[in-house]
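So the chains spell out like this:
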Amino acid sequence: MDKPADMFDRDYEWAALRRFITDEQPGATLGVVSGRRRQGKTFLLDAACRAAGGFYFAATEAANAESLRRLSAALTAHVRPAVPYHFADWSEALDALLALGAERPIPVVIDEFPYLARANPELPSLLQEAFRPMRDQRTRSRTRLLLCGSALSFMGRLLSGNAPLRGRAGLEMLVRPLDHRLAAEFWEISDPALALKVNAVVGGTPAYRREFARGDTPSGPEDFDDWVIRTVLNPETPLFREARYLLAEEPDLRDSALYLSVLAAVADGNATRGGVAGYLERRATDIAHPINVLENAGLLHRDADAFRDNRATYRISEPLIRFYHAIMRPVWDQLERPGSAGRVWQASRGRFVSNVLGPHFEQICRDWALHHADPDLFGGLPARVGHGVVHDPKARTGHEVDVAVVGIADGGKAPLLAIGEAKWNDTMGAAHIERLRHLRDLIARTGRYDTTDTRLLCFSGTGFNDKARAATAASPDVHLVDLPALYGRS
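Everything quoted here is computed from the prediction, not taken from an experiment.

Trainee: Give a detailed account of the overall build of the protein, specifying residues and quantitative values.
Mentor: Helix and strand content of the protein: 23 helices and 12 strands. Taken against the 2.2 N^0.38 rule, which gives 23 Å for 490 residues, the C-alpha radius of gyration of the protein at 25 Å falls within 12% of a compact globule. In terms of its C-alpha atoms, the protein occupies a principal-axis envelope of roughly 80 × 60 × 50 Å. Out of the 490 residues in the protein, the part that is buried amounts to 53%. Of all intrachain contacts in the protein linking residues separated by at least 6 positions in sequence, the fraction that spans at least 24 positions is 66%. Counting every atom, the protein has about 22,200 Å² of accessible surface; 48% of that belongs to carbon and sulfur. Charge-centre separation for the protein: the mean point of 61 positive side chains lies 3 Å from the mean point of 63 negative side chains.

Put into structure tokens, the structure is as follows:
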């Protein structure tokens, strides 16, 4: 199975699919592939089927009988039997799919599986029966059946708890957006500052460049504002309404007005459950359910406070949704009128920096510390990277720590490998380093972590002054991280 030449990255996913599909062991096996829309799941699975001579079926929103007719016609066209298939029920259809693998391992993909299960809720149970361990139709087959779906809340429940397919799957793969480094390469942007700005708007979703922006990439830093105006703020492009569609496509989000308001609250800086409740003028218990649903749908992410128990903050997981709620939704009526995008963007640039770009830069710094930084920089491998608030009893105030790198406990206190401050728009100096030293002392007094070897990290989008560089040269526990370093170009 050779990966298509026009498939960008996805080396890990392709290798996992190849191992699953080409496994020669007897017995049909089941795999589950999920991920938000526009990440390239269909391209990936269709390419795998073509490479291995498999069968690909894309479900649609349809009644159960119509879906069976469509599957019958598609399988007839694929197999070309003497007598066309006319499946009376899903049990018969599943056995026909298992029969495809009678002679060799063969991939069979059912894309958008949630559509089928919504029309026939018994389908997961029928699959459970079809893949019963000692069932002849399964043991005599080497079909590699892959169920794929974009509704993360549904796909997440498919193999969890007491779900019928629990323990039946041999592959569970999540197709994620491209990280900030891969996204910059995909968008062919060499300037780190420009790459981060574009990433703050559209994230790492491949389709947003190829299909939605029709290959339109900023030609340079000076073109960024015009690029925003002619793409995401342009009512003639698909990107303009994409954030609304992402919310509408989740089947568990029934009261869309409430969920939109929760996302708007978070985008406006109300990151705690109490803050969201206050923004909506409701009790905290009233918004627990919509927050949980948005989490399950992959639209909200819960970050535990690294320094205080039972406190968490929320952030919007999809950059385009955050951009929509911070910039577009408050002035939607103006944006819908063609020609208004330039005026709106001019008035919104400050809000973009404070509510979108700044928080996104902080998250990129945390992602870099967890996934890209050399562990030698911290003196150990990070177990988790988060952020939180450190209480100062003397000043009776709290101090935000943008990056907290926690190591592996190994039976004792977990080591706090590093703490960091991230500033997108500030040239950082000695005062920032002294602040981090003060915070390290406060954390040490709480006794929560082992701070013996805690390093201090300064992240800046604009750079560092001479005093900061002098402090770094004099103190081996201080490290300066600029944009080129975040993008692996320093």
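Structure shown, so let's carry the discussion forward.
Trainee: Provide a residue-level description of the packing of aromatic side chains, including the pertinent values.
Mentor: In total, this model carries 16 aromatic pairs according to the counting rule given. A centroid spacing of 5.7 Å and a plane angle of 75° characterise the contact between Tyr-324 and Trp-332, whose relative ring orientation is edge-to-face. The class for Tyr-324 is buried, based on a relative accessible area of 2%. Among the aromatic side chains, those forming a connected cluster through ring pairs are Trp-187, Phe-224, Trp-227, Phe-323, Trp-345 and Phe-352. One residue, Arg-244, lies across the ring of Trp-332, its end atom 4.1 Å from the ring centre.

Trainee: Quick one: what's the story with the packing of helix 17 (residues 319–328) against helix 19 (residues 341–371), residue by residue and with numbers?
Mentor: Relative orientation of the contacting elements helix 17 and helix 19 amounts to 140°, with a least axis distance of 9 Å. Between helix 17 and helix 19, the angle falls in the class oblique. Between helix 17 and helix 19 the crossing geometry is right-handed. Seen from helix 17, the contacting residues are Pro-319, Arg-322, Phe-323, Ala-326 and Ile-327; seen from helix 19, they are Trp-345, Ser-348, Arg-351, Phe-352, Asn-355, Val-356 and His-360. Each residue belonging to the contact of helix 17 with helix 19 can be placed in one class, and the counts come to 7 nonpolar, 3 polar and 2 charged.

Trainee: Break down the sheet that holds strand 10 (residues 416–423) for me, with residues and values.
Mentor: Sheet architecture is open: 5 strands sit in the order 8-9-10-11-12, paired in mixed fashion. Only two strands of the sheet have a single partner each, and these edge strands are strand 8 (384–392) and strand 12 (478–481). If you compare each strand with its neighbour and ignore which way they point, the axes differ by 30° on average. Pairing of strand 10 with strand 11 (residues 455–460) involves 6 bridges; the strand directions are parallel. In the strand pairing of strand 11, Lys-423 is matched with Ser-460. On top of the sheet, helix 21 (residues 430–446) reaches strand 8, strand 9 (397–406), strand 10, strand 11 and strand 12; it is set at about 140° to strand 10, its chief contact.

Trainee: Residue-level account of the pattern of salt bridges, with values.
Mentor: Taken as a whole and assessed by the stated rule, the structure comprises 25 salt bridges. Here Glu-129 and Arg-132 are joined by a salt bridge, their closest N and O atoms 2.8 Å apart. Judged by relative accessible area, which is 38%, Glu-129 ranks as partly exposed. The partner of Glu-336 in a salt bridge is Arg-241, with the nearest N and O atoms 4.0 Å apart. One end of the pair, Glu-336, is in the loop between helix 18 (332–335) and helix 19; the other, Arg-241, is in helix 13 (residues 239–248), and 95 residues separate them in sequence. For Arg-241, a relative accessible area of 29% corresponds to the partly exposed category. Counted as one network, the salt bridges with shared partners bring together Asp-216, Asp-223 and Arg-230.

Trainee: Help me get a handle on the pairing of strand 9, residues and values and all.
Mentor: Every other side chain in a regular strand lies on the same face of the sheet, so the side chains alternate between the two faces. Taken across its 10 residues, strand 9 has 7 buried, putting it largely inside the fold. Pairing analysis gives 8 bridges linking strand 8 to strand 9, with the strands arranged antiparallel. Its bridge partner being in strand 9, Arg-384 is matched across the sheet by Val-406. In sequence, strand 8 turns back onto strand 9 through a hairpin of 4 residues, with Arg-396 there showing a positive phi of about 55°. Pairing of strand 9 with strand 10 involves 4 bridges; the strand directions are antiparallel. Bridged to Ala-404 within strand 10 is Ile-419.

Trainee: Lay out the layout of surface pockets in plain terms, naming residues and giving numbers.
Mentor: Put simply, the largest pocket is a space of about 1,500 Å³. Considering every element that reaches the lining of the largest pocket, the biggest residue donor is helix 19, with 7 residues. Among the residues forming the lining of the largest pocket, the class breakdown is 16 nonpolar, 15 polar and 17 charged. The volume enclosed by the second largest pocket comes to roughly 730 Å³. Around the second largest pocket, the lining comprises 37 residues; the ones closest to its centre are Gly-358, Pro-359, Glu-362, Arg-366 and His-387. Elements that contribute at least two residues to the lining of the second largest pocket include exactly helix 14 (256–267), strand 6 (300–304), strand 7 (312–316), helix 19, strand 8, strand 9 and strand 10.

Trainee: Mind laying out empty space enclosed by the protein, listing which residues take part and the relevant values?
Mentor: Summed over the entire model, instances satisfying the criterion amount to 1 cavity of 30 Å³ or more. By volume, the largest cavity is sized at about 40 Å³. If you go around the largest cavity, the residues you meet are Ala-183, Ala-184, Trp-187, Ile-189, Ala-195, Val-198, Asn-199, Val-202 and Gly-203. For the lining of the largest cavity, the secondary structure elements donating two or more residues are helix 9 (180–186) and helix 10 (192–202). Tallying contributions element by element places helix 10 first for the lining of the largest cavity, with 4 residues. Taken together, the residues of the lining of the largest cavity sort by class into 7 nonpolar, 2 polar and no charged.

Trainee: Can you explain the pairing of strand 7? Please cite residues and give values.
Mentor: Among the 5 residues of strand 7, 4 are classified as buried, and the element is accordingly described as predominantly covered. Two strands pair when backbone bridges link them, and strand 6 and strand 7 are joined in this way by 5 bridges, in the antiparallel orientation. Note on strand 7: the bridge partner recorded for Arg-302 is Tyr-314.

Trainee: Summarise the packing of helix 13 against helix 17; cite the residues concerned and give the values.
Mentor: Describing two packed helices takes the angle between their axes plus the distance from one axis to the other. Where helix 13 contacts helix 17, the axes come no closer than 9 Å and their chain directions differ by 110°. As far as their axial angle goes, helix 17 and helix 13 are roughly perpendicular. Of helix 17, the residues touching helix 13 (which contributes Leu-239, Phe-240, Glu-242, Ala-243, Arg-244 and Leu-246) are Leu-320, Ile-321, Tyr-324 and Met-328. In terms of residue class, the contact of helix 13 with helix 17 is made up of 8 nonpolar, no polar and 2 charged.

Cut-offs applied
Residues numbered from 1 in each chain as written. Predicted model: local features only at pLDDT ≥ 70, side-chain atom pairs only at ≥ 80, totals over all residues. Heavy atoms only, no water. Helix = DSSP H or I, 4+ residues; strand = E, 2+ residues; numbered from the N terminus. Rg over C-alpha atoms; globule rule 2.2 N^0.38 Å. Buried < 20%, exposed > 50% of the residue type's maximum accessible area, 1.4 Å probe, protein only. Contact = heavy atoms within 4.5 Å. Areas by Shrake-Rupley, 256 points an atom, 1.4 Å probe, with all protein chains shown as cover. Lys, Arg positive; Asp, Glu negative; His and termini not counted. Charge placed at Lys NZ, Arg CZ, Asp CG, Glu CD. Phe/Tyr/Trp six-rings, centres within 6.5 Å; stacked < 30°, edge-to-face > 60°. Lys NZ or Arg CZ within 6 Å of the ring centre and 35° of its normal. Axes fitted to C-alpha atoms, helices over the stretch in contact; angles between N-to-C directions. Parallel < 35°, antiparallel > 145°, perpendicular 65-115°, else oblique. Left-handed = near helix turned anticlockwise from the far one by under 90°. Nonpolar A, V, L, I, M, F, W, Y, C, P; charged D, E, K, R; others polar. Pairing = 2+ DSSP bridges. Salt bridge = Lys/Arg side-chain N within 4 Å of Asp/Glu carboxyl O. 1 Å grid on protein atoms, 1.4 Å probe; cavity = no way out; pocket = protein on both sides within 12 Å on 5 of 7 lines; lining within 4 Å. Points joined across faces, edges and corners; volume = space filled by probe spheres on them.

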